[in-house]
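Architecture and fold: a report
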Amino acid sequence: MHSLAHLEAADAIIRAGVRLGARGLIVAAEGNLSIRIGDQLLVTPSGRRKDELSVADLLLVPIDPGDAAAAGDPNAPRPSSDIAVHRAIYRARPDVLAVAHAHLAASLGLTLAGERPDPEDLPETRLLLPRLPFVPLLPMGGPEITAAVVAALVEPPEPLATAVLQERHGAVTVGATIEAAVNRLELVDLLCRVRRDALLIGASRRAR
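Here is a short report on the structure shown in this document.

**Remarks on the overall build of the chain**
- Secondary structure assignment for the chain yields 6 helices and 7 strands.
- Shown N-terminal to C-terminal, the secondary structure of the chain runs as helices and strands in the order α-β-β-β-α-β-α-α-β-α-β-β-α.
- For 208 residues, the compact-globule estimate of 2.2 N^0.38 gives 17 Å, and the chain sits close to it at 17 Å.
- When contacts within the chain are restricted to residue pairs at least 6 apart in sequence, long-range pairs at least 24 apart make up 66% of them.
- When the accessible surface of the chain is totalled, it reaches about 10500 Å², and 58% of it is carbon and sulfur.
- Where the 22 positive side-chain charges of the chain centre and where its 25 negative ones centre are 6 Å apart.

**Quick word on the pattern of salt bridges**
- Taken as a whole, this structure holds 13 salt bridges when the rule is applied.
- Salt-bridge contacts for Arg48 lead to Asp57; the nearest nitrogen and oxygen are separated by 3.0 Å.
- Taking relative accessible area as the criterion, Arg48 reaches 34% and is therefore assigned partly exposed.
- Judged by its relative accessible area of 16%, Asp57 falls in the buried class.
- Where Arg93 meets Asp95, a salt bridge forms, and the shortest distance between an N and an O atom there is 2.9 Å.
- Residue class for Arg93 comes out buried when judged on its relative accessible area of 5%.

**Some words on the packing of helix 2 (residues 83-92) against helix 5 (residues 143-154)**
- Running from amino to carboxyl end, helix 2 crosses helix 5 at an angle of 30 degrees, the nearest separation of the two axes being 9 Å. Judged by the twist between their axes, the crossing of helix 2 over helix 5 is right-handed. In this structure, helix 2 uses Ala84, Val85, Ala88, Ile89 and Ala92 to contact helix 5, whose residues at the interface are Ile145, Thr146, Val149, Val150, Leu153 and Val154.
- Here the contact of helix 2 with helix 5 is built from residues that sort into 10 nonpolar, 1 polar and no charged.

**Details of helix 1 (residues 4-22)**
- Here helix 1 contains 19 residues, and its C-alpha end-to-end distance of 27 Å stays within 8% of the 27 Å for a straight helix at 1.5 Å per residue.
- Within the sequence span of helix 1, burial applies to His6, Ala9, Ala10, Ala12, Ile13, Ile14, Ala16, Gly17, Arg19 and Leu20.
- Buried residues along helix 1 sit in contact with strand 1 (32-37), strand 2 (40-43), strand 3 (59-62) and helix 6 (178-207).
- Positioned one or two residues after helix 1, Gly24 has a phi angle of 70 degrees, which is positive.

**Some points on the packing of helix 3 (residues 105-112) against helix 6**
- Where helix 3 meets helix 6, the closest approach of the two axes is 8 Å, and the angle between their N-to-C directions is 50 degrees. Between helix 3 and helix 6, the angle is such that the two are oblique. Considering how the two elements wind past one another, helix 3 and helix 6 form a crossing that is left-handed. Contacts between helix 3 and helix 6 pair Ala106, Ser107 and Leu110 from the former with Asp189, Cys192, Arg193, Arg195, Arg196 and Leu199 from the latter.
- Of the residues assigned to the contact of helix 3 with helix 6, the class counts are 4 nonpolar, 1 polar and 4 charged.

**Some points on the nonpolar core**
- Counting residues in hydrophobic clusters, the biggest one holds 34 residues, and the most contacted among them are Leu33, Ile178 and Val188.
- Looking at this core, the elements with two or more residues in it are helix 1, strand 1, strand 4 (98-102), helix 3, strand 6 (163-166) and helix 6.
- When residues in this core are grouped by element, the largest group, 8 residues, is from helix 6.
- Not counting residues within four places of it along the chain, the set of residues in contact with Val188 comprises Leu104, Leu129, Leu132, Ala163, Leu165 and Ala171.
- Counting residues in each nonpolar core, the second largest holds 22 residues, with Ile83, Val85, Val150 and Val172 among its members.

The rules behind each value
Residues numbered from 1 in each chain as written. Predicted model: local features only at pLDDT ≥ 70, side-chain atom pairs only at ≥ 80, totals over all residues. Heavy atoms only, no water. Helix = DSSP H or I, 4+ residues; strand = E, 2+ residues; numbered from the N terminus. Rg over C-alpha atoms; globule rule 2.2 N^0.38 Å. Contact = heavy atoms within 4.5 Å. Areas by Shrake-Rupley, 256 points an atom, 1.4 Å probe, with all protein chains shown as cover. Lys, Arg positive; Asp, Glu negative; His and termini not counted. Charge placed at Lys NZ, Arg CZ, Asp CG, Glu CD. Salt bridge = Lys/Arg side-chain N within 4 Å of Asp/Glu carboxyl O. Buried < 20%, exposed > 50% of the residue type's maximum accessible area, 1.4 Å probe, protein only. Axes fitted to C-alpha atoms, helices over the stretch in contact; angles between N-to-C directions. Left-handed = near helix turned anticlockwise from the far one by under 90°. Nonpolar A, V, L, I, M, F, W, Y, C, P; charged D, E, K, R; others polar. Expected span 1.5 Å × (residues − 1). Parallel < 35°, antiparallel > 145°, perpendicular 65-115°, else oblique. Core = buried A, V, L, I, M, F, W, Y, C linked by side-chain atoms within 4.5 Å.

Have a look at this one:
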């Protein structure tokens, strides 16, 4: 039987997944969400749409896996392929209680073109997302990208970053709630879409 904390976290993750899907910020089985519950985390499964999940689909795993990573049924549902990033963030940032990741289409296009949006471009992001460190393209799920994302989130000065832009891999955001983390994903998406549109308008004017 699930605890109240588990059920509340599961409900929050399910609602966050539906919200991301409704806004077109996730497609197919991409993206992942998690919430810290004590020394464990509730995380979305690999290979499943994140906007069509139930409580039974979510996985409760230790933040520090120890030897547990080598055990278990190989055919059982697996946590997100980015589980190492989530675990490392929680270990490095005790203030973080939720992590969200999505392959935001506008960010993929911008970073593929070598562009990096600046939070100073918009008053909303200047106020609510003043820092947006950038992580270059690295193998997904590998130790290099895990280390790079965590380094970006713990680098001084205070306040520490709450979002990281990844080259051709979307963004990772954190918060005290999953709602706060998803809010930050939406802000990164807004910033990238506005930057993309500004570049297109500028190019159109120059072509006249």
